Amino acid sequence: MSWLRRSSSEPLWKEEFSVRTADERYVTRRQLTKFLVLTSLGMFVGNLWILVRSLFYKAPTYPQQTIARLGEIPVGGVKLFTYPTKDDHCILVRTSESEHVSYSQKCTHLSCAVYFSQESNRLECPCHKGFFSITDGSVLQGPPSRPLPRIVLERRGDELVAVDVKVS
Amino acid sequence: MPENLELPPKTRGLTAIAGAMSLIAVLLIVQIWLLSAALEAFLGGKRSSALPAAIFSGLMFLVCFGLYLFVDRVDLDVRNSSSER
């Protein structure tokens, strides 16, 4: 990048490894400035990457998967399952006689597994005390800033079928 | 009577470089925050904020780069003036 540097009386190696103590301060400051600007470039590239991912985002399609039978779990009970892949752990909670809700079990803060607390009627993350609403998965308290992804359920006969994942 | 209070070129150069570096540091902190906010929004399914975040991040990088060129120029000027003496 020779166009960045104007002609100097000293060769570059002499400037970068100065023998004069007074000049050393300049060298270290210039190098630190260079490092900071490169970090700034890194941040910009990161933002560009997010922009590219946003522009070329394609909504994924999810399979349909039977996850439980209607009377299988009692009111206040839970069932753990994986959806849409074997690595995506989810939690199904029966909140009333006729109502079931399901969310991803991965906390949106640092991916710890959340559990259902029947006493406080909410989903709790044991790692950093992040609490989520059982009604819509929104954050009630703690470090997580995003709600839990919701698994969309459909009732087909006496079976509960997972059909979609909603990230809001 | 006050004498010539003008600072020597080296001291002036160091002050200018320190000021430019402080500005770069502030811009960098804003850029880090912008990146984390854009990532958080992207993961939360809000993709509309990616474009303004990228534009502002690019602008901040350009300002940082301009400041770097300024630091480089000041540095060179001071070196040349001290070697001329």
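Here is a short report on the structure shown in this document. Residue numbers run consecutively from 1 along every chain, following the written order of its sequence. Chains and ligands are labelled by the order in which they are written, letters from A for the one and numbers from 1 for the other. In keeping with the predicted nature of the model, local features appear solely for residues at pLDDT of at least 70, side-chain atom pairs appear and are counted solely at 80 or more, and the whole-chain, interface and lining totals rest on all residues. Computation of side-chain values covers all heavy atoms of the structure but excludes hydrogens and water.

### Re the environment of Val152(A)
Residue and element names in this part refer to chain A. Going along the chain from the N terminus, every DSSP run of H or I of four or more residues is numbered as a helix, and every run of E of two or more is numbered as a strand. Take Val 152: it is sitting in strand E9 (residues 150-156). Along the backbone, Val 152 and Val 101 are 51 residues apart, and their C-alpha atoms lie at a distance of 8.2 Å. For this analysis, residues touch if any pair of their heavy atoms sits within 4.5 Å. What Val 152 contacts, discounting residues up to four positions off in sequence, is Val 161, Ala 162, Val 163, Asp 164 and Lys 166.

### Side note on the pairing of strand E6 (residues 122-125) of chain A
All names here are of chain A. Two strands pair if DSSP finds at least two bridges between them. Bridging between strand E5 (residues 115-117) and E6 involves three bridges; their strand directions are antiparallel. By the bridge assignment, Phe 116 is partnered in E6 with Leu 123. Hairpin connection of E5 to E6: four residues between the antiparallel strands, including Asn 121 at a positive phi of 50°. Bridge analysis of E6 against strand E7 (residues 130-133) gives four bridges, and the strand direction is antiparallel.

### Structural notes on the interface of chain A and chain B
Contacts between chain A and chain B engage 37 residues on the former and 41 residues on the latter. Taken over both partners, the interface formed by chain A and chain B buries close to 3800 Å², and the fraction arising from carbon and sulfur atoms is 67%. A salt bridge links Arg30(A) to Asp75(B); its shortest N-O distance comes to 2.0 Å. Each polar contact in these results corresponds to two N or O atoms within 3.5 Å; when the atoms are within protein, one needs to be able to donate a hydrogen and the other to accept it, and residues that are neighboring in sequence are counted only if both atoms are side-chain atoms. Where chain A touches chain B, the interface holds five residue pairs in polar contact (both at pLDDT 80 or more). Among the elements that make up the side of chain A that touches chain B, the one with the highest residue count is helix H2 (residues 21-55) of chain A (24 residues). Each residue gets one of three labels, nonpolar for Ala, Val, Leu, Ile, Met, Phe, Trp, Tyr, Cys and Pro, charged for Asp, Glu, Lys and Arg, and polar for the others, Gly among them. Classifying every residue of the side of chain A that touches chain B by side-chain character gives 16 nonpolar, eleven polar and ten charged. When two parts are brought into contact, each loses some accessible area as probed by a 1.4 Å sphere; the total of that loss over both is the buried area. A side-chain nitrogen of Lys or Arg and a carboxyl oxygen of Asp or Glu constitute a salt bridge if their distance falls within 4 Å.

### Here we look at unusual backbone geometry
Residue and element names in this part refer to chain A. A cis amide bond links Tyr 83 to the next residue, Pro 84, at an omega of -5°. The residue Pro 84 is located in the loop between strand E2 (78-82) and strand E3 (89-94) in this model. Look at Asn 121: it is not a glycine, yet its phi comes out positive at around 50°. By the element assignment, Asn 121 lies in the loop between E5 and E6.

### What about the pattern of salt bridges?
Across all of its chains, the model carries nine salt bridges over all chains by this definition. Of the charged contacts, one joins Glu124(A) and Arg122(A) as a salt bridge, the two residues approaching to 2.8 Å between their closest N and O atoms. Judged by relative accessible area, which is 21%, Arg122(A) ranks as partly exposed. Glu40(B) serves as the salt-bridge partner of Arg146(A), at 2.7 Å between the closest nitrogen and oxygen. Between buried and exposed lies partly exposed: a residue is buried under 20% and exposed over 50% of the maximum accessible area for its type, with that area taken using a 1.4 Å probe on protein chains only.

### Here's the deal with the state of the cysteines
Residue and element names in this part refer to chain A. We call a pair of cysteine sulfur atoms a disulfide whenever their separation is within 2.5 Å. Applying the stated criterion to the full structure yields one disulfide over all chains. Here Cys 112 engages in a disulfide with Cys 127; their sulfurs sit 2.0 Å apart. Across the S-S bond of Cys 112 and Cys 127 the torsion is about -100°, and the bridge reads as left-handed. With Cys 112 in the loop between strand E4 (100-104) and E5 and Cys 127 in the loop between E6 and E7, the pair connects residues that are 15 residues apart, well separated along the chain. You can call Cys 112 buried: its relative accessible area is 18%. Looking at Cys 127, the relative accessible area reads 40%, which means it is partly exposed.

### Overview of the side chain of Glu124(A)
Residues and elements named next belong to chain A. Residue placement: Glu 124 occurs in strand E6. Judged by relative accessible area, which is 8%, Glu 124 ranks as buried. Side chain to side chain, Glu 124 and Arg 122 meet in a polar contact 2.8 Å long. Among residues more than four places away in sequence, those in contact with Glu 124 are Ala 113, Val 114, Tyr 115, Ser 117, Gly 130 and Phe 131.

### Concerning the nonpolar core
Of all hydrophobic cores here, the largest spans 25 residues; its most connected members are Val37(A), Ile50(A), Ile17(B), Ile24(B), Leu27(B), Cys64(B) and Leu67(B). When contributions to this core are tallied by element, the ones reaching two or more residues are H2 of chain A together with helix H1 (9-43) and helix H2 (50-84) of chain B. Throughout, nonpolar core names a set of buried Ala, Val, Leu, Ile, Met, Phe, Trp, Tyr and Cys residues whose side chains join them through atoms within 4.5 Å. Of all hydrophobic cores here, the second largest spans 13 residues; its members include Val93(A), Cys112(A), Phe116(A) and Leu123(A).

### Comments concerning the packing of aromatic side chains
Aromatic contacts are taken between Phe, Tyr and Trp rings whose centres are within 6.5 Å, Trp giving its six-membered ring; a plane angle under 30 degrees counts as stacked, one over 60 as edge-to-face, and the others as tilted. Within this structure, the stated rule accounts for three aromatic pairs over all chains. Between the aromatic rings of Phe44(A) and Phe61(B), the centroid separation amounts to 6.1 Å while the plane-to-plane angle is 10°, which identifies the pairing as stacked. One end of the pair, Phe44(A), is in helix H2; the other, Phe61(B), is in helix H2, on a second chain. On the accessibility criterion, Phe61(B) (15% relative accessible area) is buried. Among the aromatic residues, those joined into a cluster by ring pairs are Phe44(A), Phe61(B) and Phe65(B). Criterion for a charge above a ring: Arg CZ or Lys NZ at most 6 Å from the ring centre, at most 35 degrees from the ring normal. Over the ring of Phe131(A) we find Arg122(A); its NZ or CZ atom is 3.7 Å from the centre of that ring. Sitting over the ring of Tyr57(A), Arg47(B) keeps its end group 3.6 Å from the ring centre.

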